[in-house]
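# Notes for the structure review
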Amino acid sequence: MRSEHPHPAEPRLTPRDWGRPDLEVLKALESKILWLSTYMIHHANHIRPSRDGLKVGGHQSSSASVVSLMTALYFHSLGPDDRIAVKPHASPVMHAIQYLLGTQDLDQLKRFRGLGGAQSYPSRTKDAVEVDFSTGSVGLGVAATLFASLVQDYVGAHGLMQDGRAQGRMVSLLGDAELDEGNIYEALLEGWKHEIRNLWWIIDYNRQSLDGVVNDELFHKIEGFFSNVGWKVVTLKFGRRLEAARNGPAGEAILDWIERCPNQLYSALTFKGASAWRDRLRQDLHGASGLKSFLDMHDDETLPAIMTNLGGHDLETILDAFDAAHGDPTPHCFVAYTIKGYGLPLQGHKDNHAGLMNPTQLSEFQRRCGVPEGAEWEPLAGLKNPRAVADLIGAARRRRRAAVAVPPVVAVDPIPTPAGANLSTQEAFGKILFELARERTPLSERIVTTSPDVTVSTNLSGWVNRRGVFHSSDKADIFQDEKIASPQKWRMGPRGQHIELGIAENNLFLLLGQLGLAHAFWGERVLPVGTVYDPFINRGLDALIYACYQGARFMLAATPSGVTLAPEGGAHQSVNTPLIGMAQDGLSYFEPAYADELALIMAWAFKHLQAEDGGSVYLRLSTRVLAQPERSLAPDQAAGVIDGAYWVRRPGMSSALAIAYCGALAPEAQAAARALMDRNPGLGVLAVTSPDRLYRGWSEAQRRRALGEADAAAPVERLLSDLPRDATLVSVIDGHPASLAWLGSVEGHAIQGLGVDRFGQSADLPDLYRTHGIDAQAIVRAASAPRRALWRGQKPRRLAEP
Ligand SMILES: Cc1ncc(C[n+]2csc(CCOP(=O)(O)OP(=O)(O)O)c2C)c(N)n1
Ligand SMILES: [Mg+2]
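Quick summary incoming for the structure in this document. These numbers were taken from a predicted model, which means no experiment stands behind them.

## So, the packing of aromatic side chains
Remark: the centre distance and the inter-plane angle together describe each pair of aromatic rings, the angle taken between the planes. Inspection of the entire model under this criterion finds 24 aromatic pairs. Here Y205 and Y337 contribute two aromatic rings whose centre-to-centre distance is 4.8 Å and whose plane-to-plane angle is 80°, an arrangement assigned as edge-to-face. On the criterion of sequence distance, the pair formed by Y205 in strand β3 (residues 199-205) and Y337 in strand β5 (residues 332-337) is long-range, its members being 132 residues apart. In this structure Y205 comes out as buried when scored by relative accessible area, which is 1%.

This is the structure we're talking about:
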């Protein structure tokens, strides 16, 4: 049984409060938006000088397809608390609308797709205007709205909505081919489990994708998918004029013909125009009563217009459908029939996706839009009713929400090192959260955890036992009620602080992305912590990249990792994740070995999540239990943990060797160090806690020096300058060796980079470490290997005997 949500469903203001706009005025705006979006693309491709000869591109047809829908949304249906994901290729329409609303500059439009200009696809982080959801990788922006509605419910239930904010509607305007992406269905199922509400997905059903025309009858499948998971499906098929024609001569026959017309044929006729429509109807409806009258009633202008009067281009039909859905929190899917390239000479052509009007076509189009030459960018030029249009724009502008104030930072106290002589970093992570859950501190109240069905196996269950699982209504833990012994005690209710997901990793990253933007949407911070098996980062990678691109702030604990997860099997090994962690903008990757390092990193991370110039944090953790060092880290070592490395054993003045290790291979590095110590008493051991931060620090210092800041120095440069230049460095990581092999370039040390570059073999740790050449013996061998001559004539040199 679906439960009742305890918090209000109604948005604060709805279009009922401001009433329907005059249709003629809205139509004038629609035409202006079509013109501006088309011209913006034309200007970038044909008028702005090119410096590289490359096509700039832009999607005039994809844009034209949604102009009516977006006009209705922005100038009538969207309320101040609503948020919208605009399909990627309608970015010019969004910018044209923002320009009319006065939130976008002309300069930006003129620089469309250029540096600092309006972005090719709506971007939260790179566009100068306010964008609710980035889009671009199709499917992700759509699903993001579903998770935003879930986060809105979470934030509401926890009383974390800034004063003056109310429940809004999350809207996605999507291309029909976006429904080919599997992540949509993963999200739909998850949304059903969480009883999501206040969500509209409006499908621009132009029945075209990039390469061509989509399958006939797709809408039947769409209806099935959505109604299966409790959504209302509203179809906008025919516009007002076609509906009216139903009662005229041959009306039923013509509408029935359109119903049955294959998508390809309909598109082709749309492209070809009046005489093609005429011929085809004569042929297919031969003998139908009233056909002649129907055709005689329409000239070459009105016949194509009526035959293409689809619901998604008919403002009245759109307004009716949207107005009828207000006040109903049930998620809605609108299937809006449209024509790709509607109103342009490109309309209906199967190859129109990247098609651009040529200058002659543009001039003709300009004439039809009534835009005077020289006034191409003027918002009201050429309109018959400029004052009324300006008034409507003004009303929409006044309805815009006020910017969300930056919320105060949640205080983060130092995190004590969890107790235990032998611990894995995964256990330490679980213990830290378990301890944080004990007391109601500002930090523990704002943490929200989530996991795709690996809560128990990633050690999150202690936290969940104490903080409960989020659900819109209270639910008993029946196993507990039935007195069945289990360490897992999962109370469910609106105050729960863990969101349990199904296995789909895409959903994990989409949810983390939206939780990580709660401060920007609702003005109060939550601090999201997600767990996943490290190899399955790859499964949800695009959504992870998307979350970072949106500027979301979250902590990701990925465990187990590497080949060190040995008993979990070869298929679960993660080899490339350190490189992902290093390469991903907005994400700081750490791979600690010991619990004290992890405690320092997590305390830093909770602050980094909130810092203006901060970002997200990825902890690559392990199930390998290590004997914990009895130590307290010196201040420079503790700082090094955050900067990315510190000397466990500082090299001597005449040292010929240092070993740099990362994460769970600490014991191998130490064993090798012991074996090599006799011959290299000054041997150094470098603990690398973040290859990512270490590398970034280095490249930042290089950049600053190149810009003339001669004294700039990176932590890794200071560390490695302790090691004589002719010493050898051996690096070792349970991941791709390139993650650390760059260390040799920092101060010019010869380096032997050890790591994993093959995949998939199950075994125990000794066998695996030996097979991949990352055990102590391999480190000793590498340390003792002859160095390649630096230049011709130089003698190879042995550092130590094997
Ligand atoms: C994940 C992903 N794969 C491929 C693309 C390339 N691509 C851009 S648009 C498009 C087709 C889009 O069709 P539809 O969603 O129907 O949009 P329309 O242009 O028809 O409005 C494709 C394949 C992409 N942007 N993202
Ligand atoms: Mg399409």
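## Quick notes on the environment of W35
As for its position among the elements, W35 is in helix α2 (residues 23-47). You can call W35 buried: its relative accessible area is 0%. As a C-alpha pair, W35 and D296 span 261 residues in sequence and 31 Å in three-dimensional space. Among residues more than four places away in sequence, those in contact with W35 are L362, F365, Q366, C369, V371 and E376. In terms of polar contacts, W35 uses its side chain to reach the backbone carbonyl oxygen of E376, at 2.9 Å.

## Concerning the site of ligand 1
Around ligand 1 there are 18 residues in total, and S62, K87, D176, Q208 and K340 lie nearest to it. At 3.1 Å from a nitrogen atom of ligand 1 is found a main-chain nitrogen or oxygen belonging to V138. Between ligand 1 and N206, the relevant distance is 3.0 Å, taken from an oxygen atom to a side-chain nitrogen or oxygen of the residue. In isolation ligand 1 exposes 580 Å². Once the protein is present, 76% of that is buried. By residue class, the composition of the shell around ligand 1 is three nonpolar, nine polar and six charged.

## Some thoughts on the packing of α2 against helix α4 (residues 91-101)
The contact between α2 and α4 brings their axes to 8 Å, and the two run at 120°. Compared by their axis directions, α2 and α4 come out oblique. For the pair α2 and α4, the crossing hand works out as right-handed. Seen from α2, the contacting residues are L29, K32, I33, L36, S37, M40 and I41; seen from α4, they are P92, V93, H95, A96, I97, Y99 and L100.

## Concerning empty space enclosed by the protein
For the structure on display, the rule yields seven cavities of 30 Å³ or more. By volume, the largest cavity is sized at about 310 Å³. Lining of the largest cavity is provided by 19 residues; of these, Y74, L78, D132, R400 and R401 occupy positions nearest its centre. Listing elements by their share of the lining of the largest cavity, those giving two or more residues are β1 (83-86), α4 and α17 (386-399). Class assignment of the residues belonging to the lining of the largest cavity gives a composition of 10 nonpolar, two polar and seven charged.

## Some thoughts on the packing of helix α3 (residues 60-77) against α4
Where α3 contacts α4, the axes come no closer than 9 Å and their chain directions differ by 35°. Crossing handedness for the pair α3 and α4: right-handed. Contacts from S63, V66, V67, M70, Y74 and F75 in α3 reach P92, V93, M94, I97 and L101 in α4.

Rules and cut-offs
- Residues numbered from 1 in each chain as written.
- Chains lettered and ligands numbered in written order.
- Predicted model: local features only at pLDDT ≥ 70, side-chain atom pairs only at ≥ 80, totals over all residues.
- Heavy atoms only, no water.
- Phe/Tyr/Trp six-rings, centres within 6.5 Å; stacked < 30°, edge-to-face > 60°.
- Helix = DSSP H or I, 4+ residues; strand = E, 2+ residues; numbered from the N terminus.
- Buried < 20%, exposed > 50% of the residue type's maximum accessible area, 1.4 Å probe, protein only.
- Contact = heavy atoms within 4.5 Å.
- Polar contact = N/O pair within 3.5 Å; in protein donor to acceptor, adjacent residues only side chain to side chain.
- Near = heavy atom within 4 Å.
- Areas by Shrake-Rupley, 256 points an atom, 1.4 Å probe, with all protein chains shown as cover.
- Nonpolar A, V, L, I, M, F, W, Y, C, P; charged D, E, K, R; others polar.
- Axes fitted to C-alpha atoms, helices over the stretch in contact; angles between N-to-C directions.
- Parallel < 35°, antiparallel > 145°, perpendicular 65-115°, else oblique.
- Left-handed = near helix turned anticlockwise from the far one by under 90°.
- 1 Å grid on protein atoms, 1.4 Å probe; cavity = no way out; pocket = protein on both sides within 12 Å on 5 of 7 lines; lining within 4 Å.
- Points joined across faces, edges and corners; volume = space filled by probe spheres on them.

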